[in-house]
Amino acid sequence: ITPAVAFDILPLKLHPFSQSTPTGLDCVGWKRRVSSSVITDGALDKTALTDDVGSEEDLYEDFRSSNHRYGHPGGGGEQLAINELISDGSVVYAEALWDHVTMDDQELGFKAGDVIEVMDATNKEWWWGRILDSEGWFPASFVRLRVNQDEPMEDYPLKVEGGKEDDSSSGTRRFGMGQTTKDQMRTNVINEIISTERDYIKHLKDICEGYIKQCRKRADMFTEEQLKTIFGNIEDIYRCQKKFVKALEKKFNKDYPHLSEVGSCFLEYQTEFQIYSEYCNNHTNACMELSRLTKVNKYVYFFEACRLLQKMIDISLDGFLLTPVQKICKYPLQLAELLKYTNPQHRDFKDVEAALNAMKNVARLINERKRRLENIDKIAQWQSSIEDWEGEDVLVRSSELIYSGELTKISHPQAKSQQRMFFLFDHQLVCCKKDLLRRDILYYKSRINMDDMEILDVEDGKDKDFNISVKNAFKLHCRDTEEVYLFCAKKPEQKQRWLKAFENERRQVQLDQETGFSITEVQKKQAMLNASKQHHTGKPKAVTRPYYDFLMRQKHPTLPTTLPQQQVFMLAEPKRKPSNFWQNISRLTPFRK
């Protein structure tokens, strides 16, 4: 599903646009059969439809059997407009919203921001395009039509330098007195931002009033928990976007759009846009719940009737619910384009520049939070694989594995040394022991609260506190109890990685406090429940593949980016010489510890 697109600059032929559709496009040549009345009680209001429409099933089948489509890729105004432009010999450009990585030689690969010449848009899902000398199919939902179709962005300066432009008067005739080409380009971008925001508000309103309100009237079909799963916090997003679009309207100069100063609006709302994080994180659950419900016909008919009564375009509900995810990703692209056509002397330049960085940070924060939430399932699975676990779950206080590896722990009073596996999470350090026979099995031993600790670097030589000689050592000192823990690494570089990891742990905790990141109790319980379901009873708990696969996918800021994955594996699991002895013992031993 492509994001909303403005077609103000395209010579569309006899394709009226509807103010009520999120993409700004209505169906072409279709006689409406749905009145403007809405559902007023718990049951579907059959009188809202014309008398030649029967039940929900009849309505659904009748509409589906029709050849008419609303204006979105695959039919309607946008599709017809693109194909007519191409057939008339016009060049149509699209801009990539996301990377398209492919190994198929029939597909066109590109990166976000690449400009693609659209050569064929007759197919609903896949368009044919060209980048330089490469041609191929690409998914239509990965691109949006470029705002400025008049001139390829990269070609225009060359034309001026090459002297191919007739004179400055041609620019005046084309764009009006006092406006340069760059001003007109900025006008186009401003118009697109305003237009797509208006369409987006209507889109959100349609979801809230066309779906959510009607679903709440059917308590026999939907629980509040189901509605929260399906729609997330989209009503909060709707309220936020209404305020945002009002702020944009105030800054919009209708007479001279290129003079509009909209950068400050994005800066003002950058914090509020973080509510998209919750929505994006929940989107996968929404799709799963919708998929489950739409296996039952009555839900399919109900959702379709809601869409028709709200006069929404012919897209399924899961498609509508994808739009907020696409929208928050689109802001940096729009601002980057706006900055490109804003002169440094423009009063809006600094604000647009700052807004671009701010919205990139918002998108980055949302991506990071999504990654963190995905990690809690892996952490829960890791904990379920640990034998003899004691105390509260890791997820009660932590949500990120910072670093892990083997260390020698030295304890008072006899300075007894123990080889242990340590896992550094935010707020805590978990200590585990390896099984003597099955080295892939871990036993829980203890944990240390990192919020009370300070890290002390220890020089090689004799330590006064423990009265022993140490090498590659560091200490954890508890500020409250004055308790001291001594640790030794095998190599100096391993010690440095641990010291760096402790710094990263404190930095992560501080960042979470500043951004307000937290895991809800429901998410924690669900992660642990999923982990317990996946664990097979009666089978020895092995952490080798699940844990190390998880470990290698983690972001370890302490590891060099050039370090091969094989070496990362070796850092976590020190290399041992192969031994047939352990294999034979494992095979012959009739018991397990």
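The structure under discussion appears in the preceding block.
Residues numbered from 1 in each chain as written. Predicted model: local features only at pLDDT ≥ 70, side-chain atom pairs only at ≥ 80, totals over all residues. Heavy atoms only, no water.

**So, a positive patch on the surface**
Then, in step 1: A cluster of basic residues, Lys205, Lys213, Lys217, Lys242, Lys246 and Lys250, forms a positive patch at the surface.
Then, in step 2: Those elements that place two or more of their residues in the positive patch are helix H5 (181-216) and helix H7 (234-251).
Then, in step 3: The element best represented in the positive patch is H7, accounting for 3 residues.
Then, in step 4: With respect to the element layout, Lys217 can be found in the loop between H5 and helix H6 (224-231). (Patch = residues over 30% accessible without salt bridge, like charges linked within 9 Å, V, L, I, M, F, W, Y side chains within 5 Å. Areas by Shrake-Rupley, 256 points an atom, 1.4 Å probe, with all protein chains shown as cover. Salt bridge = Lys/Arg side-chain N within 4 Å of Asp/Glu carboxyl O. Lys, Arg positive; Asp, Glu negative; His and termini not counted. Charge placed at Lys NZ, Arg CZ, Asp CG, Glu CD. Helix = DSSP H or I, 4+ residues; strand = E, 2+ residues; numbered from the N terminus.)

**A few points about the pattern of salt bridges**
Once their charged atoms are close, side chains differing in charge can pair, the charge on each being opposite to the other.
Then, in step 1: Taken as a whole and judged by the stated rule, the model has 33 salt bridges.
Then, in step 2: The partner of Glu249 in a salt bridge is Arg198, with the nearest N and O atoms 2.8 Å apart. Taken together, the residues span a long stretch of sequence, with Glu249 in helix H7 and Arg198 in helix H5 at a distance of 51 residues.
Then, in step 3: Glu249 sits in the partly exposed class, given a relative accessible area of 29%.
Then, in step 4: A residue is classified by how much of its surface remains accessible, and Arg198, at 39% relative accessible area, is partly exposed.
Then, in step 5: A salt bridge links Glu368 to Arg371; its shortest N-O distance comes to 2.6 Å. With Glu368 and Arg371 both in helix H12 (residues 349-384), this residue pair falls 3 residues apart, about one helical turn.
Then, in step 6: Here the salt bridges do not stand alone but share partners, grouping Glu368, Arg371, Arg372, Glu400 and Asp512 into one network. (Buried < 20%, exposed > 50% of the residue type's maximum accessible area, 1.4 Å probe, protein only.)

**Brief notes about the sheet that holds strand E3 (residues 126-131)**
Then, in step 1: Pairing is antiparallel in the open sheet, where 5 strands are placed in the order E4-E3-E2-E1-E5. Sheet topology places strand E4 (134-139) and strand E5 (143-145) at the edges, where each strand pairs with a single neighbour. Shown here is a sheet whose adjacent strand axes are inclined to one another by a mean of 45°, direction ignored.
Then, in step 2: Pairing of strand E1 (residues 92-96) with strand E2 (residues 115-120) involves 4 bridges; the strand directions are antiparallel. When the bridges of E2 are listed, Tyr93 appears paired with Glu117.
Then, in step 3: Running over the sheet, helix H11 (residues 317-340) touches E1 and E5 and is turned about 45° from E5. (Pairing = 2+ DSSP bridges. Axes fitted to C-alpha atoms, helices over the stretch in contact; angles between N-to-C directions. Contact = heavy atoms within 4.5 Å.)

**Some thoughts on helix H9 (residues 276-293)**
Then, in step 1: In a regular helix each residue adds 1.5 Å, so 18 residues correspond to 26 Å; H9 covers 25 Å between its end C-alpha atoms and thus fits that length.
Then, in step 2: His283 marks where H9 bends most, by close to 40°.
Then, in step 3: Every buried residue belonging to H9 is among Tyr276, Ser277, Tyr279, Cys280, Asn281, Asn282, His283, Ala286, Glu289, Leu290 and Leu293, and all of these are buried.
Then, in step 4: Here the buried face of H9 lies against H5, H6, H7, helix H10 (297-309), H11 and H12. (Expected span 1.5 Å × (residues − 1). Bend = angle between axes of the 7 residues up to and from the residue.)

**Description of the layout of surface pockets**
Then, in step 1: In this structure, the largest pocket occupies an estimated 1,300 Å³ of space.
Then, in step 2: Looking at the largest pocket, it is lined by 30 residues, and the ones nearest its centre are Asn281, Asn282, Asn285, Val522 and Gln523.
Then, in step 3: Looking at the lining of the largest pocket, the elements with two or more residues in it are H6, H9, H12 and helix H14 (521-534).
Then, in step 4: Its residues placed into classes, the lining of the largest pocket shows 6 nonpolar, 16 polar and 8 charged. (1 Å grid on protein atoms, 1.4 Å probe; cavity = no way out; pocket = protein on both sides within 12 Å on 5 of 7 lines; lining within 4 Å. Points joined across faces, edges and corners; volume = space filled by probe spheres on them. Nonpolar A, V, L, I, M, F, W, Y, C, P; charged D, E, K, R; others polar.)

**A word on the pairing of strand E7 (residues 416-425)**
Then, in step 1: One ladder, built from 10 bridges, connects strand E6 (residues 401-411) with E7; its direction is antiparallel. The partner of Ser404 across the bridge, within E7, is Phe423.

**Some thoughts on the sheet that holds strand E9 (residues 442-449)**
Then, in step 1: Spatially, 7 strands are ordered E9-E8-E7-E6-E14-E13-E10 in an open sheet, and the strand pairing comes out antiparallel. Edge strands, defined here as strands with exactly one partner in the open sheet, are E9 and strand E10 (453-458). Sheet twist, expressed as the mean angle between neighbouring strand axes with direction ignored, is 35°.
Then, in step 2: Here E7 runs beside strand E8 (residues 428-434); their pairing, made up of 5 bridges, is antiparallel. By the bridge assignment for E8, Phe425 is matched with Gln428.
Then, in step 3: In the packing of helix H13 (residues 492-515) onto the sheet, the strands contacted are E6, E7, E8, E10 and strand E13 (473-478), and the crossing angle to E6 comes to about 125°.

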